[in-house]
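Breakdown of the fold
Okay, here's what each chain looks like letter by letter:
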Amino acid sequence: MKNQMIHVYLMPGMAANPSIFEHIRLPEDQFEIHWLEWKIPIKNESLESYAKRMIEDIAHVNPVLLGVSFGGILVQEMSKHMSLRKLFVVSSVKSHHELPKRLKLLKYTKAYKILPTQLVSNVDLLAKYAFGETIKKRVELYKKYLSVNDKVYLDWAIKEVVCWNQEAPNSQAIYIHGDKDFVFPHSTDGNCIIIKGGTHIMIINKYKWFNENLPKLILQEA
């Protein structure tokens, strides 16, 4: 009997469009890749409600779900309301305990309410939030990948990262993190695959690792 195609859905990070996955290639005789895109949130929408809306874009039963950064937070929320073959969380956090102090401070001071308005017009600052580094010589890279600059979305996204309340890692998730990720520096602890030299944008510049290892990890029995 012919093996069924495995459907792999990829969710980009905050403010990023799915072209960050343009170099991800899996064997086409076994896997079909689908890119997910950010939606503009409804007013006062919870992350749980948003996650349920995102599930509506998934057309296959028991798929593989992979999310990067804030997308990694989102797919963990989506996984609470659907059945998955595998869940991958890349360059993200396993719980709110792993958020860096600067983000925890934003939560307690509620400073996140005044931050995002600057982000829409300041691509350099947006890049720092989304990728963990400023533009420098990467202007074209950021223009290409960071296209979700709607103020409503950014206000909502930063609030949901800062106020995420997951207490413990998802026991079903495979966490993949770079040891040079300065956006989420505490996320290499615990049960996690660590990529040497991996930064917060390793899905872009370490794509060969993912192309080589994702098929094995997907097919591996739990």
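Below is a short write-up of the structure. Keep in mind it's a predicted model, so treat the numbers as computed, not measured. (Residues numbered from 1 in each chain as written. Predicted model: local features only at pLDDT ≥ 70, side-chain atom pairs only at ≥ 80, totals over all residues. Heavy atoms only, no water.)

**Description of the pattern of salt bridges**
Evaluated as defined, the whole model comprises six salt bridges. Among the salt bridges present, the one from R53 reaches E45, with a minimum N-O distance of 2.8 Å. Each member of the pair R53 and E45 is classed as buried. Among the salt bridges present, the one from E77 reaches K80, with a minimum N-O distance of 2.8 Å. For K80, a relative accessible area of 44% gives the class partly exposed. (Salt bridge = Lys/Arg side-chain N within 4 Å of Asp/Glu carboxyl O. Buried < 20%, exposed > 50% of the residue type's maximum accessible area, 1.4 Å probe, protein only.)

**Some thoughts on the environment of Y153**
Summarising the element assignment, Y153 is placed in helix 7 (residues 151-162). Residue class for Y153 comes out buried when judged on its relative accessible area of 0%. C-alpha of Y153 to C-alpha of K39: the two residues are 114 residues apart in sequence and 7.9 Å apart in space. The residues contacting Y153, other than those within four sequence positions of it, are G13, M14, A15, W38, K39, I40, P41, F70 and V148. (Helix = DSSP H or I, 4+ residues; strand = E, 2+ residues; numbered from the N terminus. Contact = heavy atoms within 4.5 Å.)

**Describing the sheet that holds strand 6 (residues 193-195)**
Each strand in a sheet pairs with its neighbour through backbone hydrogen bonds, running either in the same direction (parallel) or in the opposite one (antiparallel). In spatial order, the strands read 2-1-3-4-5-6; together these six strands make up an open sheet with parallel pairing. Here the strands that pair on one side only, and so sit at the sheet edges, are strand 2 (31-35) and strand 6. On average, each strand axis in the sheet is inclined to that of its neighbour by 20°, with strand direction left out of account. By the bridge criterion, four bridges tie strand 4 (residues 86-90) to strand 5 (residues 173-178) in an arrangement that is parallel. Pairing of V90 across the sheet is with I176, part of strand 5. Relative to the sheet, helix 2 (residues 70-78) contacts strand 1 (6-11), strand 3 (64-68), strand 4 and strand 5, its axis offset from that of strand 3 by approximately 145°. Contacts between helix 9 (residues 207-219) and the sheet are confined to strand 1, strand 2, strand 3, strand 4, strand 5 and strand 6, with strand 4 contributing the most and set at about 150° to the helix. (Pairing = 2+ DSSP bridges. Axes fitted to C-alpha atoms, helices over the stretch in contact; angles between N-to-C directions.)

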